[in-house]
Amino acid sequence: QVQLVESGGGLVQAGGSLRLSCTASGRIPTLNTMGWFRQAPGKERQFVAAVSWSGKTTDYADSVKGRFTISRDNAKNTVYLQMNSLKPEDTAVYYCAVNSDLSGFMSTQTRYRYWGQGTQVTVSS
């Protein structure tokens, strides 16, 4: 099994920044893709960002391009999401997910097999 633990969420004012972390443990798929998704109250979970094993390929939702940056440290089995210029509409529970190489499907949440429990991000206006 694979365990994913997110951290770094919290309350921040609009325009502020937060850095989320997600550390994987257990039988982690090799050459994996790691992604971030979010779910706002009353809405479906949606894609935020993803990164390939090498870190050379990334994908972002249009709503976060230019504000969020995804990165990873394979030595630590950790993926990060740097969130800048936060807006109230970014308020959601943020989840990380992982699976084997998802080239071409990095934004497709049904392709991710393992999920974390989520961390709350609240942006006040």
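Check the entry above for the structure.
In this text the structure is predicted, and so the values were computed from the model without any measurement.

Reading the values: rules and limits
- Residues numbered from 1 in each chain as written.
- Predicted model: local features only at pLDDT ≥ 70, side-chain atom pairs only at ≥ 80, totals over all residues.
- Heavy atoms only, no water.
- Helix = DSSP H or I, 4+ residues; strand = E, 2+ residues; numbered from the N terminus.
- Rg over C-alpha atoms; globule rule 2.2 N^0.38 Å.
- Phe/Tyr/Trp six-rings, centres within 6.5 Å; stacked < 30°, edge-to-face > 60°.
- Buried < 20%, exposed > 50% of the residue type's maximum accessible area, 1.4 Å probe, protein only.
- Pairing = 2+ DSSP bridges.
- Axes fitted to C-alpha atoms, helices over the stretch in contact; angles between N-to-C directions.

1. Considering the overall build of the protein
Then step 1. What the protein contains, in helices and strands, is zero helices and 11 strands.
Then step 2. Overall, the protein shows an N-to-C arrangement of helices and strands of β-β-β-β-β-β-β-β-β-β-β.
Then step 3. The C-alpha radius of gyration of the protein comes to 13 Å, within 12% of the 14 Å expected for a compact globule of 125 residues.
Then step 4. If you line up the protein on its principal axes, its C-alpha atoms span 40 × 30 × 25 Å.

2. Things to note about the packing of aromatic side chains
Then step 1. Per the stated rule, a full pass over the model turns up four aromatic pairs.
Then step 2. Pairing Phe37 with Trp115 gives two aromatic rings, centres 5.0 Å apart and planes at 55°, and the pair type is tilted. Of the two residues, Phe37 is situated in strand E4 (residues 33–39) and Trp115 in strand E10 (residues 114–115); the sequence distance between them amounts to 78 residues.
Then step 3. The exposure class of Trp115 is partly exposed, given its relative accessible area of 22%.

3. Digging into the sheet that holds strand E8 (residues 78–83)
Then step 1. On the basis of which strands lie adjacent, the open sheet formed by four strands has the order E1-E3-E8-E7 and antiparallel pairing. Both outer strands of the open sheet, strand E1 (2–7) and strand E7 (68–73), are each paired with one neighbouring strand and no more. Across the sheet, the mean angle separating the axes of adjacent strands is 15° when strand polarity is ignored.
Then step 2. Where E7 meets E8, six bridges bridge the pair, whose relative direction is antiparallel. When the bridges of E8 are listed, Ile70 appears paired with Leu81.

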